[in-house]
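Tertiary structure, described
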There are 2 protein chains.
Amino acid sequence: MTLKEQDYAQDERREEIKRAALKVFARKGISGTKMSMIAAEAGISQGLSYRYFSSKEELFSLLVQEALEEAQTAIANIGNLPGTPFEQLKALTKNMLEENHKQYFLLIQQAHTSDETPVKVKQLLDQFSSKDTIEQLIPIFVKGQEMGEFCEGDPHRILFLYLSVISGLMIQDVYTDENYWVNEIDSLMKILSK
Amino acid sequence: MTLKEQDYAQDERREEIKRAALKVFARKGISGTKMSMIAAEAGISQGLSYRYFSSKEELFSLLVQEALEEAQTAIANIGNLPGTPFEQLKALTKNMLEENHKQYFLLIQQAHTSDETPVKVKQLLDQFSSKDTIEQLIPIFVKGQEMGEFCEGDPHRILFLYLSVISGLMIQDVYTDENYWVNEIDSLMKILSK
DNA sequence: GTCTATAACTGGATAGAC
DNA sequence: GTCTATCCAGTTATAGAC
């Protein structure tokens, strides 16, 4: 095996552990997740995880950071999507509820609500707070209001409610069928419409 | 102190511990809650809790049972409330979101989503499943549909979505202001309307 | 009745064998 | 590289002092 191939194999293992950890953390939160669960999910021994990550906390923090970046870009891109503001928000909703991103959003939720969350992560969360998320959506929502697609009222308040509803569903989504709520997007968006 | 008074004092202490435990369990779930936290919340030593409840599990189970009964009666009574079906569902929503019951609903949620939940409790949950809850609301919803107050569509599906939204909000409610969502009931009920 | 001390156990993290 | 054995800290539950 050449040096390059070795590095590749190491990286792959790291990603494997990260995938496993994301899956478990998203469902169980940081204290509900045991290193043995992550190891089992990744198909390795418990001790080996520590050759790739120095602690459970480090692993958790890294994943939250990636999740925040992922969520951030999804939201930043919304303005570039085709269609009316209504269609743009609908696309964002769908994106959030779909399997892949769901785990990231859940992880962020876990980080937000647990108090075992490391201080380092708390600081990250403050940086990318949901206030900023909403701030980015406001121009689109206001445009939709002017076009008569959305209901009247304080954009910040309405978007906060809407995003809370979505993440509330995601939390529970884990225990119902995959992507179940995606079929309910039209009903959910009635919160935003006239 | 007479015998009667002693019994009363004992009962009071039991209730004190139960109140404390409900508060902590609702926020942190069964494994996130340490007996020391409950004891601190109740203002007693950790060891003393075990003079009143034989285990953490027993305490948790008892509380879930009471929560289920509480939720059950709240729902069973809805038909007797004054007003149209719309007003009845609105009253139920408000009731669910208000502080007192919120803790009970949160506890049930914790019991539902955690897998450290004792088998005994899992069985209880199956008995009072949310399917039955919805079943009880269907007649009212159908009546509202006939009166033109609610949107068309499968009552079971719509009510399931609605209740999921409400409990999703409750889970997060703990971390925002008390009773914040109560002010948003009208927006939420747009999910049910035409 | 209530507290403090402690036994038994669980889980995070390290060390050493292969 | 990976696993098994082990250390140490924190938790449940009990026992014994006041």
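I will try to describe carefully the structure that is included in this document. Since the model is a prediction, treat every value here as computed from it, not as a measurement.

In this section: the overall build of chain A. Each helix and strand in chain A was counted, giving 10 helices and zero strands. Across chain A, helices and strands are ordered from the amino to the carboxyl terminus as α-α-α-α-α-α-α-α-α-α. Counting only C-alpha atoms and orienting by the principal axes, one finds that chain A spans roughly 60 × 35 × 35 Å. Expressed as a percentage of its 194 residues, the buried residues of chain A come to 48%. For chain A, contacts bridging at least 24 residues in sequence account for 68% of all contacts bridging at least 6. Here chain A has roughly 9600 Å² of accessible surface; of this, 50% comes from carbon and sulfur atoms.

This part takes up helix 2 (residues 35-42) of chain A. Residues and elements named next belong to chain A. For helix 2, the complete set of buried residues consists of Met35, Ile38, Ala39 and Ala42. Along the axis of helix 2, the buried residues cluster in a sector spanning 100°; they form a single face. One or two residues past the end of helix 2 sits Gly43, with phi positive at roughly 75°.

This paragraph deals with the pattern of salt bridges. Under the definition given, this model contains 18 salt bridges over all chains. Salt-bridge contacts for Lys94 of chain A lead to Glu98 of chain A; the nearest nitrogen and oxygen are separated by 3.9 Å. The exposure class assigned to Lys94 of chain A is partly exposed, which follows from its relative accessible area of 41%. The partner of Lys90 of chain B in a salt bridge is Asp186 of chain B, with the nearest N and O atoms 3.0 Å apart.

Taken together, 17 residues sit near DNA strand C, with Tyr50 and Arg51 of chain A together with Arg13, Ser45 and Tyr52 of chain B positioned nearest. Here, DNA strand C places atoms within 4 Å of the protein, and 68% of those atoms are sugar or phosphate. Between DNA strand C and Tyr50 of chain A there is a distance of 2.8 Å, counted from a phosphate oxygen to a side-chain nitrogen or oxygen. At 2.7 Å from a phosphate oxygen of DNA strand C is found a side-chain nitrogen or oxygen belonging to Tyr52 of chain B. Every element with two or more residues in the surface near DNA strand C is listed here: helix 3 (49-52) of chain A together with helix 1 (3-32) and helix 3 (49-52) of chain B. If you tally residues by element for the surface near DNA strand C, the top one is helix 1 of chain B, at three residues. A class-by-class count of the residues in the surface near DNA strand C yields five nonpolar, seven polar and five charged.

This part is about the relation of the copies chain B and chain A. Under the fitted operation, chain B is carried onto chain A by 0.1 Å of movement along the axis and a turn of 180°, and the coordinates agree to an RMSD of 0.1 Å. Within this description, the copies of the chain are treated as partners about a two-fold rotation axis. Closest to the rotation axis within chain B is the C-alpha of Gly168 of chain B, separated from it by 1.8 Å. Most of the interface of chain B is mirrored in chain A, where 96% of its interface residues again form contacts.

Opposite the 28 residues of chain B that make contact, chain A presents 27 residues. Summed over both sides, the interface of chain B with chain A buries roughly 2400 Å², with 57% coming from carbon and sulfur. Together, Leu161, Gln172 and Lys190 of chain B form the three largest contributors to the area buried by chain B at its contact with chain A, with a combined 23%. Linking chain B with chain A are four salt bridges, by the criterion used here.

According to the stated counting rule, one finds zero disulfides over all chains in the structure shown. Of all cysteine sulfurs, the one in Cys151 of chain B lies closest to Cys151 of chain A, which takes part in no disulfide; the gap is 17 Å.

Another aspect to go through is the environment of Ser164 of chain A. Turning to its location among the elements, Ser164 of chain A is positioned in helix 9 (residues 155-173). We classify Ser164 of chain A as buried; its relative accessible area is 7%. Once the C-alpha coordinates of Ser164 of chain A and Ser130 of chain A are considered, the two residues, 34 residues apart in sequence, prove to be 9.9 Å apart. Ser164 of chain A has contacts with Leu169, Gln172 and Trp181 of chain B, leaving out every residue within four places of it along the chain. Side-chain polar atoms of Ser164 of chain A contact the backbone oxygen of Phe160 of chain A, separated by 2.7 Å.

The next point concerns the environment of Glu41 of chain A. Residue and element names in this part refer to chain A. For Glu41, the location among the structural elements is in helix 2. With a relative accessible area of 38%, Glu41 lands in the partly exposed category. Separated by 20 residues in the primary sequence, Glu41 and Ala21 place their C-alpha atoms 7.9 Å from one another. A polar side-chain atom of Glu41 sits 3.0 Å from a polar atom in the side chain of Lys23.

Reading the values: rules and limits
Residues numbered from 1 in each chain as written. Chains lettered and ligands numbered in written order. Predicted model: local features only at pLDDT ≥ 70, side-chain atom pairs only at ≥ 80, totals over all residues. Heavy atoms only, no water. Helix = DSSP H or I, 4+ residues; strand = E, 2+ residues; numbered from the N terminus. Buried < 20%, exposed > 50% of the residue type's maximum accessible area, 1.4 Å probe, protein only. Contact = heavy atoms within 4.5 Å. Areas by Shrake-Rupley, 256 points an atom, 1.4 Å probe, with all protein chains shown as cover. Arc of directions from axis to C-beta. Salt bridge = Lys/Arg side-chain N within 4 Å of Asp/Glu carboxyl O. Near = heavy atom within 4 Å. Polar contact = N/O pair within 3.5 Å; in protein donor to acceptor, adjacent residues only side chain to side chain. Nonpolar A, V, L, I, M, F, W, Y, C, P; charged D, E, K, R; others polar. Least-squares fit on C-alpha atoms with pLDDT ≥ 70 in both. Buried area = accessible area lost by both parts, 1.4 Å probe. Disulfide = S-S within 2.5 Å.

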